[in-house]
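Coordinate inspection notes
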Amino acid sequence: MNTTEVLSEFASDVKEGLLQFPKRLPSKYFYNEKGDYLFQQIMHLEEYYLTNAEFEVFEENKAEILKAFLGADGEFRLVELGAGDGTKTKVLLNHFVSKGTKFTYSPIDISGSVLDGLTNALSQEIPALSVEPIKGDYFKALAGLKRNNSMKEVVLFLGSNIGNFMGKSGETFLRKLGEDMSKGDLLLIGFDMMKNPEKVLAAYNDAMGVTREFNLNLLDRINEELGANFDRNNFQHFPTYDPITGETKSHLVSKCTQNVHIAALDETFEFKAWEAIHTEVSQKFSHQMIEQLAKHAGFRIVQNFTDSNEYFVDSLWEKL
Ligand code: AVI
């Protein structure tokens, strides 16, 4: 590669991660077309309890949730960060529409095709719903909304996406999110709770091996997009769960000493036998951790909604 050429963000993140000790790769790169597909499969797995748990939270609490969203204003804009196919959100949307609620739904996503798919599906399934999708970065989109209207905003950040932020970056993200919201706006945020460690671990090590594929797909993506020669058979999917901290981590462990060349970086990386690459964190929370996070990010907890097993909490926060 010509040294004056600028590396893509993907290439420079891969380089930075593989030069660290221990090595790591950012989980945001799981989500290419194949990764999106695999994640949809994961959400339907028996072991991946998160989907059904949050679904139950919405089914059982939709009337209470609507009451809390309406507050004194009686009108709001519902903004969803990273809506995906909106399966769980539809439970709320259907209920709100059936009650004649005055609201507009604005899903925000970086992917235009995801938004098109969702908007088309919603126009068929809930024709009375007013949808204004916004393509782009969460912060820019929220800042734009704040500039252009004064209506109360209710932001949805569902599915334990907050758990995928490393260390303090989740808190930083939420504080920044709050800067693009006005006092009194609401945030409904999904948290996967600490529970039987075996149940957590099984969710990230399913019997059919879909999560393994999801993790290994990251190496395939580096091969395809950055001209690398990772041999996926030389890496093992290995998740761990620490019941003290609630951290679930996914790793790809090198089964032998090997060299991998990445053409886009013009660099070769050595992996020692049984050296691990950390690829993802999926944090599990306690109520105390949720309270601390809300406080540090500048929010007040209004109400917590949970499922019958208390596996999952959708926590409603108010911007202070
Ligand atoms: C998107 N996110 C909340 C998922 C999770 O549970 O951390 C991603 C995932 N990784 C492995 N399985 C699912």
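Preceding this section is the structure that the text describes.
Now for a quick tour of the structure. (Residues numbered from 1 in each chain as written. Predicted model: local features only at pLDDT ≥ 70, side-chain atom pairs only at ≥ 80, totals over all residues. Heavy atoms only, no water.)

1. Focus on the overall build of the chain
On a plain count of helices and strands, the chain comes out with ten helices and 14 strands. Taking 2.2 N^0.38 as the reference for a compact globule, 320 residues should give roughly 20 Å; the C-alpha atoms of the chain span a radius of gyration of 21 Å, in line with that estimate. If one aligns the C-alpha atoms of the chain with their principal axes, the spans along those axes are about 65 × 45 × 40 Å. Contacts in the chain between residues far apart in sequence, at least 24 positions, make up 72% of those at least 6 positions apart. About 15,100 Å² of surface is accessible on the chain, with carbon and sulfur atoms providing 50% of the total. (Helix = DSSP H or I, 4+ residues; strand = E, 2+ residues; numbered from the N terminus. Rg over C-alpha atoms; globule rule 2.2 N^0.38 Å. Contact = heavy atoms within 4.5 Å. Areas by Shrake-Rupley, 256 points an atom, 1.4 Å probe, with all protein chains shown as cover.)

2. Section: helix α3 (residues 50-70)
Along α3, the sharpest change in direction is near 75° and occurs at N61. Listing the buried residues of α3 in full gives L50, T51, A53, E54, V57, F58, N61, I65, L66, A68 and F69. Where α3 terminates, the next one or two residues include G71, which has phi positive at roughly 45°. (Bend = angle between axes of the 7 residues up to and from the residue. Buried < 20%, exposed > 50% of the residue type's maximum accessible area, 1.4 Å probe, protein only.)

3. Here's the deal with the side chain of D192
With respect to the helices and strands, the residue D192 is situated in strand β7 (residues 186-192). D192 sits in the buried class, given a relative accessible area of 0%. Side-chain polar atoms of D192 contact the side chain of K195, separated by 2.8 Å. A polar contact of 2.7 Å, which involves the side chain of D192, links it to the side chain of K284. Every residue in contact with D192, bar those within four places of it in the chain, is listed here: Y49, L50, S160, Q283, K284, F285, Y311 and F312. (Polar contact = N/O pair within 3.5 Å; in protein donor to acceptor, adjacent residues only side chain to side chain.)

4. Some details on the site of the ligand
Around the ligand, the structure places 13 residues, and the nearest of them are Y48, N164, Y204, E280 and S282. Y48 places a polar side-chain atom, nitrogen or oxygen, 2.5 Å from an oxygen atom of the ligand. At 2.8 Å from a nitrogen atom of the ligand is found a side-chain nitrogen or oxygen belonging to N164. Calculation on the ligand without its partners gives an accessible area of 340 Å², and the protein chains cover 98% of this total. Listed by contribution, the elements that provide at least two residues to the shell around the ligand are α2 (33-43) and α9 (210-226). Looking at the shell around the ligand residue by residue, the class counts come to six nonpolar, six polar and one charged. (Near = heavy atom within 4 Å. Nonpolar A, V, L, I, M, F, W, Y, C, P; charged D, E, K, R; others polar.)

5. With respect to the layout of surface pockets
Within this model, the second largest pocket holds a volume of roughly 310 Å³. Taken together, 16 residues line the second largest pocket, and the ones lying closest to its centre are G167, K168, E171, F285 and L293. Looking at the lining of the second largest pocket, the elements that each hand over two or more residues are α7 (169-179) and α10 (287-297). A class-by-class count of the residues in the lining of the second largest pocket yields seven nonpolar, six polar and three charged. (1 Å grid on protein atoms, 1.4 Å probe; cavity = no way out; pocket = protein on both sides within 12 Å on 5 of 7 lines; lining within 4 Å. Points joined across faces, edges and corners; volume = space filled by probe spheres on them.)

6. Points about the pairing of strand β10 (residues 258-262)
Of the two faces of β10, the one holding Q258, V260 and I262 is buried and the one holding N259 and H261 is not buried anywhere. Bridge count between β10 and strand β11 (residues 267-271): five bridges; the pairing is antiparallel. By the bridge assignment, N259 is partnered in β11 with E270. Between β10 and the antiparallel strand that follows it, β11, lie four residues; D266 among them carries a positive phi value of about 55°. (Pairing = 2+ DSSP bridges.)

7. Re helix α1 (residues 9-19)
Turning to α1, its buried residues are F10, A11, D13, V14, G17 and L18. All buried residues of α1 project into a common sector of 165° when viewed along the axis, lining one side. Turned more than 90 degrees away from the buried face of α1, the exposed residues are E9 and L19. Buried residues along α1 sit against β1 (23-24), α9, β10, β11 and β12 (276-281). (Arc of directions from axis to C-beta.)

8. Quick look at the packing of α2 against α9
Closest axis-to-axis distance for the α2/α9 pair is 9 Å, and the angle between their directions is 170°. By the angle between their axes, α2 is roughly antiparallel relative to α9. Facing α2, whose interface residues are K34, G35, L38, F39, Q41 and I42, α9 presents V210, T211, E213, F214, N217 and D220. (Axes fitted to C-alpha atoms, helices over the stretch in contact; angles between N-to-C directions. Parallel < 35°, antiparallel > 145°, perpendicular 65-115°, else oblique.)

As far as function goes, none of this settles anything; it's purely spatial.
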